[in-house]
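Architecture and fold: a report
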Amino acid sequence: MRGTDVLFAGFGGQGMLLAGKLLAHAAMAEGLEVSWLPSYGPEMRGGTANVTVCLASEPIGSPLLTRHAALVAMNLPSLEKFAPRVRPGGVIVLDTTLIERDPERPDCTVVRVDARRLAREAGVERAQNLVMLGAYAGATHAVPLAAVETAIHGEFSGEKARFAPANVAAFRAGVAVGADAVAAAAGRDA
Amino acid sequence: MTKILMKGNEALGEAAVRAGCVHFFGYPITPQTEIPEYLVKRLAQVGGTFVQAESEIAAIHMVMGASGVGVRCMTSSSSPGISLMAEGMSYIAACELPCVVVNMMRAGPGLGGILPAQSDYHQATRGHGHGDYQVIVLAPSSVQEAVDLMGLAFELAERWRNPVMVCADGMIGQMMEPVEFADGDGRGPPMPPNDWALGVREGRRRRIVNSLYLSPEELLAHNRKLKAKYDAIAATERRSELDAGAGGYDVLVVAFGTMARICRTAVDELRAEGLRPALFRPISLKPFPYPELRRALDAIDGDGPVLAVEMSMGQMVDDVRLAAEGTRRVLFHGTAGGVVPSPDDVAAEIRAALGAAVA
Amino acid sequence: MGEIHVAEERCKGCGLCIDACPRGLIAFSDHMNEKGYTVVTFVGERSACTGCAMCATACPDQGIEVWNKAGRQTFENTTGLTERMSHYCPGCTHGVIHRIAAECLQELGLLDRAVGIAPVGCSVLAYEYFNVDMFEAAHGRAPAVATGAKRARPECIVFTYQGDGDLCSIGGNEILHAANRGERITVIFVNNAIYGMTGGQMAPTTLPGQRTTTSPRGRDVESTGHPLRMAELLATLGTPGFIARGSAHDPAHVLRTKKLIKRAFELQRDGTCFTFVEVLSTCPTNWGLSPHEATEWLQDNMLPVFPLGVLKEPAAVAEGAA
C-alpha cells in the first residue's frame, strides 16, 4: 500500500493517544511500517491532545503532517482546527457527543458517531475512544479489524483483562457506524 | 527478532542497557524525561545504578566519576540542560573518558519551548564547552536508528575514549515506532578492563584522571594529541546517506534527523511529479561528512543548487557551505521555535530552488 | 634520649615545629636550604627530647621524623603521600591535613582501594600528593564525581578534598545533595575563611569584618551575609551522616582531627553513611600573618564561629554507643 495516515484529536483524557496506539499495534502486527507521533507538552493536561499515526508498506517519511488522509475528532476545537487539513476524498470521523457542527467538507466522507451512547451500550462509557477507533477502521479498513481486536486484548490484559470484552464491543459498535456511513456515501455517489 | 512498538525515549534507554550501560545519571527535563523514567525501572531489574542528580551540572560530573572508574555510563537531557553540561563535557573530553550523552533537542534560546528543534547543532558540533575539544555527534532520524546509534555511540566512546552525543529532536523522543533489538534481552557486557580507569589497585601504579596542565608545553602536547585523535575520528567515523534517485538530480537537499524524513516525503512527492531532487542526510554531525557531501554536490547536474533544511534559523548550512567551498549556490530553509517545516513547505522550497536553477 | 631528623630540603622554614615542641628544643638555624628557606634545627640537650613527635605532627611538609628514647621510630612519613614537595605556602596547614588523611588510609589498610578527588583552589594539585588513584574535578563538582565513582565502584574508598570556595560556594549544591542522598563517601572540607589560590578574596566562610581583597573594609554581613557553617547546615539533614569539625592549628587539634577523619573512613569502609569532616586551616599568606600568628588568629577568631566537635553521628552508631 502507498500509505495512509490518521490524526486522532480531542481533549486530554479522552483516550486519543491510546486509540492511535492500538491502531499502530495492529498495523505493526500486520507487518506495516508505522509511526505514532503525539503532540506533547503542557497542553496534554486538560487541553487538546492529538496523535498522528502513519501506516505504510514502505518506511515512513515525515511522521509529522500538515494534511491528513483521515481525521478522528472528539471535540469541536479539534474539528475546527484540523478538518480543513483533511485531503480531498479523505475521511472525517466526528463524535456527535460534543460536536454539533458540520465539518463543511462535502468532498470528504463524514462519519458521525454518537460515541458516548454507543460506549455506554457496550458497557464502558469511557470506551468512547474505542468506538471512534472502530468507526475509523470500519470506514477505511486501513488495517484488518481482527488485528485491532488483538491489539485491544493486548492492551487490556492481565489485571485489566476484564475490561477487554466491553472495549471490543465498543470497537465493533464503531465499526458498524463507520461501515454504514461509507456504504451510505457510496450509495449517494452512485 | 520481534518488533516492539516503543517510544523513542524508552527505546533509547533500552538500547543503552543492551549496550551494557547500566549506570545512568540525569535530571528531568521535557522532552526526554521518559529516558530516566524508563531506566529507573529497567536498571533496577539488571542491578544497575540510577541517580537522579540535583542538576545537569552534577549529572555530567557523576558521569565523569563513573566513567573514570571504568564503567559504561550515560546521561540524557534536553537543550537547556545540555548547556549546563558544557563544563563537564569539556573536562570529560580533556580527561579522555568515554561516555554517552543524549540531547533530545527542544527549541531555544533561553528557556525557549519544549517542542522539537535542531537549534543545538552549533552547540553539539562545535564543542559547546571551553577549550579545544570535540565530541562525536550522531543524529538518528527514526526510533530504530536511535536504537542502533545508541549501540554505536558506546562503541565509539570507548574506541576513542571520548564523549559521544546522540543528538535527536523531541519528535524522536516522543514518537512511537516499531523497533528491533539485537538478540538477547538482558544487559550487554560491561566495559572491558583497560589501562586508565581508577579503582582497586591490586599493586599496580596509581592512576590519575586529570585535565590540568600548568606547563604550556605540556598542555600544547596534550592539545596536539587530542587533535590527532579528532583527525583520526574525522577520517574514519563519518556516516551519511545519499538518495540520488535514478538518472541524476538537479537539486540536492541536505537535512538530518527528523527533518530529513520530512524532506524525504517532499522529495518523493516531487519525484512523482517528474522533478529530480536528491537527498543527502548526515548521520554523524561530528565528524561532518564533508567529502561525501562534496561528492554529492559535484554530482548535481548543471549548476543546480543545494538546499539545506533545518529546524533552526540556519546552523548546519554552515557546514554545507564549508563542503561546497563556493562551488555551489547554497540555499537555506528553516523554521524554529518548535514550528517544524512541513513536507509541503519543503516541497515548495525545492520547487523554488529548481525554478531558480532554471532561471 | 629522643632524636629528630629534619629533612632540610623539605623545610619551608614556617616554624610551626618550633611552636609545637613542648620543651623548646627546636629553633631556626643560621642557614638556608637551596630553596632559600631558613631551616630549623634541633637545639639543646639530646636527653631533653622525649620523642613525642609534636614537631612532626605540626609540620605541613613531612620534614621531620622522630625516634624516642628507646630508639623506636615514633614518627614515620606516611606512604599515603608521594614524596613530592607540596606547592603550599610556608605554614599553610593544608599539608598537615593531607598527611593525616593519608595516614588514616594507610593505618586502615585502604590505600590500595582509595580514590581521591581533588578540587579547584589551592589544593587543586592534591592529586600529585596523595599516593592513591586520583581525579581532578571541576570547581565544586567533586561530590558529584565522587557520587559517580562510588556508585559505580562501591568497593572503593572514595573521598573528596575541597576548600571553602569549592565546597561552600560554587559547589554548594553538589555537597548538599551528596550529603542528602547519603552517598557513602568521605568529604574532607578545608576551611580557611578565604580564597587562597586566586589571591585572598572573600569566601562564604570569611568572618564578619574580615578584610579580603573583595571585602577591603571587612566583610559586611548586611550585604554579604554571615559565614556559612556548612557542617552545621549538613547536620540538619534528615539523612544519616557523620558530620564533624576539627582544626589543624596545633598538634593537639591535629591529632583530634585525625581521629575524626579515621572515623569517617571507617564508617565509609563499613558502608554506614555519608561522612564529612571540616578542618579549620590557616592561610598565613592571604591573612597577611606569619605562620605562628596565623595559628593564633585561627584560634582566637575562627573557633568561636566554627565550634569543634562531632555535630552528627549516624543514628544506629549513636544508639549503639548510648
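Residues numbered from 1 in each chain as written. Chains lettered and ligands numbered in written order. Predicted model: local features only at pLDDT ≥ 70, side-chain atom pairs only at ≥ 80, totals over all residues. Heavy atoms only, no water.

Looking at the arrangement of the chains
Ranking by contact count across two pairs of chains in contact places chains B and C at the top. Between chain A and chain C there is no contact, and the shortest C-alpha to C-alpha distance separating them is 28 Å. (Contact = heavy atoms within 4.5 Å.)

A look at the layout of surface pockets
When its volume is computed, the largest pocket comes out at roughly 1100 Å³. Together, 38 residues line the largest pocket, and Glu58(A), Pro59(A), Ile60(A), Gly61(A) and Ser62(A) are the ones closest to its centre. Put simply, the parts of the chain that give the lining of the largest pocket at least two residues each are strand E1 (4-11), strand E2 (33-38) and strand E3 (48-56) of chain A together with helix H7 (143-160), strand E8 (176-179), strand E10 (240-243), helix H10 (257-272) and strand E12 (277-282) of chain B. Looking at the lining of the largest pocket, the element that brings in the most residues is H10(B), giving six residues. Tallied by class, the residues present in the lining of the largest pocket amount to 14 nonpolar, eight polar and 16 charged. When residues are assigned to domains, the lining of the largest pocket turns out to be shared by domain 1 (4-236) and domain 2 (240-358) of chain B, each giving three or more. Counted as a void, the second largest pocket has a volume near 680 Å³. Among the elements of the structure, E1, E2, E3 and helix H2 (76-82) of chain A together with helix H13 (343-358) of chain B are those that each provide at least two residues to the lining of the second largest pocket. (1 Å grid on protein atoms, 1.4 Å probe; cavity = no way out; pocket = protein on both sides within 12 Å on 5 of 7 lines; lining within 4 Å. Points joined across faces, edges and corners; volume = space filled by probe spheres on them. Helix = DSSP H or I, 4+ residues; strand = E, 2+ residues; numbered from the N terminus. Nonpolar A, V, L, I, M, F, W, Y, C, P; charged D, E, K, R; others polar. Domains from an automatic or database assignment.)

A closer look at the packing of aromatic side chains
Under the defined criterion, the tally for this structure stands at 11 aromatic pairs over all chains. Judged by centre distance (5.9 Å) and plane angle (55°), the ring pair of Tyr88(C) and Tyr129(C) falls under tilted. Taken together, the residues span a long stretch of sequence, with Tyr88(C) in the loop between strand E5 (73-75) and helix H3 (94-107) and Tyr129(C) in helix H4 (residues 126-129) at a distance of 41 residues. A residue is classified by how much of its surface remains accessible, and Tyr129(C), at 5% relative accessible area, is buried. A connected cluster of aromatic rings, assembled from ring pairs, spans Phe130(C), Phe159(C), Tyr161(C) and Phe265(C). Taking NZ or CZ as reference, Lys160(A) lies 6.0 Å from the ring centre of Phe156(A), over its face. A cation sits over an aromatic face here: Arg46(C) above Phe42(C), 4.5 Å from the ring centre. (Phe/Tyr/Trp six-rings, centres within 6.5 Å; stacked < 30°, edge-to-face > 60°. Buried < 20%, exposed > 50% of the residue type's maximum accessible area, 1.4 Å probe, protein only. Lys NZ or Arg CZ within 6 Å of the ring centre and 35° of its normal.)

Some details on the pattern of salt bridges
As enumerated under the stated definition, the model contains 52 salt bridges over all chains in all. The closest approach of N and O atoms between Asp318(B) and Arg321(B), which form a salt bridge, is 3.1 Å. Placement of both Asp318(B) and Arg321(B) in helix H12 (residues 316-324) is noted, with a separation of three residues, approximately one turn of the helix. A residue is classified by how much of its surface remains accessible, and Asp318(B), at 29% relative accessible area, is partly exposed. Residue Arg321(B) is classed as partly exposed on the basis of its relative accessible area, which comes to 41%. Here the salt bridges do not stand alone but share partners, grouping Arg99(C), Glu103(C), Glu107(C), Lys258(C) and Lys262(C) into one network. (Salt bridge = Lys/Arg side-chain N within 4 Å of Asp/Glu carboxyl O.)

Observations concerning the interface of chain A and chain B
Each partner contributes residues to the interface: chain A has 22 residues there, and chain B has 26 residues. Carbon and sulfur atoms supply 68% of the area buried between chain A and chain B, which totals about 1900 Å² over both sides. The tally of links from chain A across to chain B stands at one salt bridge. Between Asp344(B) and Arg67(A) there is a salt bridge whose closest N-O contact spans 2.5 Å. For the interface between chain A and chain B, the tally reads six residue pairs in polar contact (both at pLDDT 80 or more). Within the residue set of the side of chain A that touches chain B, elements represented by two or more residues are helix H1 (16-29) and E2 of chain A. If one sorts the elements of the side of chain A that touches chain B by residue count, E2(A) sits on top with six residues. (Buried area = accessible area lost by both parts, 1.4 Å probe. Polar contact = N/O pair within 3.5 Å; in protein donor to acceptor, adjacent residues only side chain to side chain.)

With respect to the domain arrangement of chain C
Residue and element names in this part refer to chain C. The assigned domain composition of chain C is domain 1 (3-75) and domain 2 (94-321). Once you take the C-alpha centre of each, domain 1 and domain 2 turn out to be 28 Å apart. For the pair domain 1 and domain 2, the summed buried surface comes to about 860 Å²; carbon and sulfur atoms form 69% of the total. When the buried area of domain 1 at its contact with domain 2 is split by residue, Asp19, Thr57 and Pro60 rank highest and sum to 43% of it. Here domain 1 is connected to domain 2 by four residue pairs in polar contact (both at pLDDT 80 or more). Taken together, the elements giving at least two residues each to the side of domain 1 that touches domain 2 come down to helix H1 (16-20) and helix H2 (54-58). The greatest single-element share of the side of domain 1 that touches domain 2, amounting to four residues, is contributed by H2. Per-class residue counts for the side of domain 1 that touches domain 2 are nine nonpolar, two polar and one charged.

Considering the interface of chain C and chain B
Across the boundary between the two partners, chain C contributes 34 residues, which contact 36 residues of chain B. Taking both sides of the interface into account, the surface hidden between chain C and chain B amounts to around 2700 Å²; carbon and sulfur atoms contribute 57%. When the buried surface of chain C facing chain B is broken down by residue, Asp112(C), Asp133(C) and Phe135(C) rank first, second and third, together holding 21% of it. Linking chain C to chain B there are three salt bridges. Between Arg204(B) and Asp133(C) there is a salt bridge, with the nearest N and O atoms lying 2.7 Å from each other. One can count 18 residue pairs in polar contact (both at pLDDT 80 or more) joining chain C with chain B. Elements that contribute at least two residues to the side of chain C that touches chain B include exactly H4, strand E7 (133-136), helix H5 (142-152) and helix H7 (172-181) of chain C. A total of seven residues in the side of chain C that touches chain B trace back to one element, the largest contributor, which is H5(C).

Notes on unusual backbone geometry
Here the bond from Gly108(B) into Pro109(B) is cis, since omega is 0°, no more than 30 degrees from zero. Mapped onto the elements, Pro109(B) comes out in the loop between strand E5 (99-105) and helix H6 (121-125). Here the bond from Lys286(B) into Pro287(B) is cis, since omega is 0°, no more than 30 degrees from zero. With respect to the helices and strands, the residue Pro287(B) is situated in the loop between strand E13 (284-286) and helix H11 (290-298). In the Ramachandran plot, Gln62(C) falls in the positive-phi region, its phi being about 50° despite a non-glycine side chain. Structurally, Gln62(C) is set in the loop between H2 and strand E4 (64-67).

Focus: the sheet that holds strand E9 (residues 208-209) of chain B
If you walk across this open sheet you meet the eight strands as E9(B)-E7(C)-E6(C)-E8(C)-E9(C)-E11(C)-E10(C)-E12(C), and the pairing is mixed. Each edge of the open sheet is held by one strand with a lone partner, namely E9 of chain B together with strand E12 (309-312) of chain C. Here strand E10 (residues 241-247) of chain C pairs with E12(C) via three bridges, running antiparallel. The residue bridging Arg245(C) from the neighbouring strand is Gly309(C), located in E12(C). (Pairing = 2+ DSSP bridges.)

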